[in-house]
Amino acid sequence: MDYEDFSESVPILGQKIGGDKVLKRSRQSSIKMKMFNTDHHVERINTTFTSPSMDREPLEKEKLEQIYETLEKVDDWNWDVLKFSQIADTWCFPILCLRLFLKYDIYRKFEEMNLDKWLNYLSALYLGYQFNNMYHNHNHIIDTVQATHYFYKTAGFENFLSEQDIMVGILAAFIHDYEHPGLTSQFLIRTKHPKAIRYSDISPLENHHVAAAFKLMDSDGERDLLDFLDQKSYKLVRKMLVYMVIRTDLSYHFDLLSSIQGKIYGENFPQDTLEDRLTVMTFTLHCADLSKPARSWIFYRGWIDAMMEEFNMQGKMEKELNIPISPFMDEENTNRERVQLAYIDFIVRDSIDILNILSPNPDYNNIIQRDLGENLNLNRKTLQKKIEGEVKF
Ligand SMILES: [Zn+2]
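Per an unreviewed UniProt entry, the chain goes by the name PDEase domain-containing protein and belongs to Stentor coeruleus.

If you want it as structure tokens, here you go:
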């Protein structure tokens, strides 16, 4: 499939999206009229999504226009993740991914990329996220993907990443919790779950996410989305994806943080080496994964409920199994606001501060501190007021 076919397929080339260099190039293209024709996009998408298990209505033109509209502010930290998820529904993964790839000019860089395979893969991936998980479901993935994109594009990390790195970073965010059971690794280990046995208790969840995501690529030729890479590039991309996803295990947090702190206070970090780029990408994905307390209160509030509800479900299972209840998971004896305060103070705050120092965007000073740090401060105050009984929510 050549670039023009890609462009026709990408569902977000409407005039509402302005300012992209890709769009400017597209306007010069001989197929420009066709590219701005929503009917054509609808037809293309409906004929391309062939995932056999995906039971959904064909995409209507009005629906696609609504989805376009929700994507207008996808570069902003305050983008409404849940609104997009609700409107895009079963189309959310493929459309978000393709929209982001367009922003980074990925299609032009990789002309051999097979878009059909990406669409099929992402549709199948979406089905692997359990809707009955309160927290680790497709919404968490959309949120993490968008946060990764915000760090790359708005905070400027793309300046020292290649197009291939960016493709890997976005794909890593999409797959990083694939087939999450809504239970922690510790639970799997303590109950001697087959996944804990298979991975010898070493990050069993994360090992499974990345292994199963690769299996999904290989299991069907129609979803072999990385087949355009030569052997050497494929080997590298696989290595990077495995490395990044496994390090989303929170047990790596303090190691990641201290290693990156050491590098920052050393000299000339990051350099244009694979090691430094991978360190930055791993850290940005980790931050994207844990950045919900730095979202606006109206969004963060919902994530608190979701996270604590998933914890409670595990706590109930532990009670039924007559094993010790994990920290923060005993509904009757857990103060959810205190849990969140501790999460902010011991995990999230330092990560965001480091990311702010690392941020290379020359146009803004402290953009991460402005967008995320402010929210953290405000949310912290709100949580404290709730603990002191001043506010109800
Ligand atoms: Zn996650």
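Draft legend 1. Main features of a negative patch on the surface. A cluster of acidic residues, Glu60, Glu62, Glu65, Glu69 and Glu72, forms a negative patch on the protein surface. Within the secondary structure, Glu72 is located in the loop between α5 (61–70) and α6 (81–88).

Draft legend 2. How the structure looks around the environment of Gln164. Positionally, Gln164 belongs in helix α11 (residues 163–175). Under the relative-accessibility criterion, Gln164 is labelled buried at 14%. Spatially, the C-alpha atoms of Gln164 and Val237 are 8.1 Å apart, while their sequence positions differ by 73 residues. Residue contacts for Gln164: discarding those within four places in its chain leaves Phe110, Leu229, Ser233, Leu236 and Val237.

Draft legend 3. Layout of the coordination of the zinc ion. Of the protein atoms, only His140 (NE2), His176 (NE2), Asp177 (OD) and Asp289 (OD) coordinate the zinc ion, at distances of 2.1 to 2.2 Å. Around the zinc ion, the four donor atoms are arranged such that angles at the metal cover 86 to 173°; this shape is classified as irregular. Counting residues between consecutive donors of the zinc ion along the chain gives the motif H-x35-H-D-x111-D. Placement of His140 in helix α10 (residues 138–154) and of His176 in the loop between α11 and α12 (185–190) is noted, with a sequence separation of 36 residues between them. In this pair, the class of His140 matches that of His176, namely buried.

Draft legend 4. Structural view of the UniProt feature "active site" (unreviewed entry) in the chain. Per the UniProt record, "active site" (unreviewed entry) is found at His136. With respect to the helices, strands and loops of the structure, His136 is situated in the loop between α9 (115–127) and α10. Residue classification places His136 among the buried positions, given a relative accessible area of 18%.

Draft legend 5. Geometry of the pattern of salt bridges. Here the structure, examined in full by the defined rule, presents 15 salt bridges. Notably, a salt bridge pairs Asp143 with Lys292, separated by 3.0 Å at the nearest N-O pair. Of this pair, Asp143 sits in helix α10 while Lys292 is found in the loop between α17 (274–289) and α18 (297–320), placing the two residues 149 residues apart along the sequence. Each member of the pair, Asp143 together with Lys292, is buried. For the salt bridge of Asp305 with Arg336, the shortest nitrogen-to-oxygen distance reads 2.6 Å. With Asp305 in helix α18 and Arg336 in helix α19 (residues 336–358), this pair connects stretches of sequence that are 31 residues apart.

Draft legend 6. Main features of α19. Given a rise of 1.5 Å per residue, 23 residues ought to cover 33 Å, and the 31 Å separating the end C-alpha atoms of α19 matches this to within 8%. Helix geometry: α19 is bent most strongly at Val348, by close to 45°. Measuring from the backbone nitrogen of Glu337 back to the side-chain oxygen at the start of α19 gives 3.0 Å, which picks out Asn335 as the cap.

Draft legend 7. Representation of the environment of Asp305 within the structure. Residue classification places Asp305 among the partly exposed residues on the basis of a relative accessible area of 39%. Separated by 170 residues in the primary sequence, Asp305 and Tyr135 place their C-alpha atoms 8.7 Å from one another. Within the structure, Asp305 has its side chain in polar contact with the side chain of Arg336 (distance 2.6 Å).

Draft legend 8. Broad picture of the layout of surface pockets. By volume, the largest pocket amounts to about 1,100 Å³. Lining the largest pocket are 35 residues, with Thr184, Leu250, Phe311, Met329 and Tyr343 positioned closest to its centre. Listing elements by their share of the lining of the largest pocket, those giving two or more residues are α12, α14 (204–218), α17, α18 and α19. Tallying contributions element by element places α19 first for the lining of the largest pocket, with six residues. For the lining of the largest pocket, a count of residues per class yields 16 nonpolar, 14 polar and five charged.

Definitions and limits used
- Residues numbered from 1 in each chain as written.
- Predicted model: local features only at pLDDT ≥ 70, side-chain atom pairs only at ≥ 80, totals over all residues.
- Heavy atoms only, no water.
- Patch = residues over 30% accessible without salt bridge, like charges linked within 9 Å, V, L, I, M, F, W, Y side chains within 5 Å.
- Areas by Shrake-Rupley, 256 points an atom, 1.4 Å probe, with all protein chains shown as cover.
- Salt bridge = Lys/Arg side-chain N within 4 Å of Asp/Glu carboxyl O.
- Lys, Arg positive; Asp, Glu negative; His and termini not counted.
- Charge placed at Lys NZ, Arg CZ, Asp CG, Glu CD.
- Helix = DSSP H or I, 4+ residues; strand = E, 2+ residues; numbered from the N terminus.
- Buried < 20%, exposed > 50% of the residue type's maximum accessible area, 1.4 Å probe, protein only.
- Contact = heavy atoms within 4.5 Å.
- Donors = N, O, S within 2.8 Å, 3.2 Å for Na, K, Ca; no water.
- Tetrahedral: all angles 85-135°; square planar, octahedral: opposite > 155°, others 65-115°.
- UniProt positions renumbered as here; feature names shortened; annotations may be inferred.
- Expected span 1.5 Å × (residues − 1).
- Bend = angle between axes of the 7 residues up to and from the residue.
- Polar contact = N/O pair within 3.5 Å; in protein donor to acceptor, adjacent residues only side chain to side chain.
- 1 Å grid on protein atoms, 1.4 Å probe; cavity = no way out; pocket = protein on both sides within 12 Å on 5 of 7 lines; lining within 4 Å.
- Points joined across faces, edges and corners; volume = space filled by probe spheres on them.
- Nonpolar A, V, L, I, M, F, W, Y, C, P; charged D, E, K, R; others polar.

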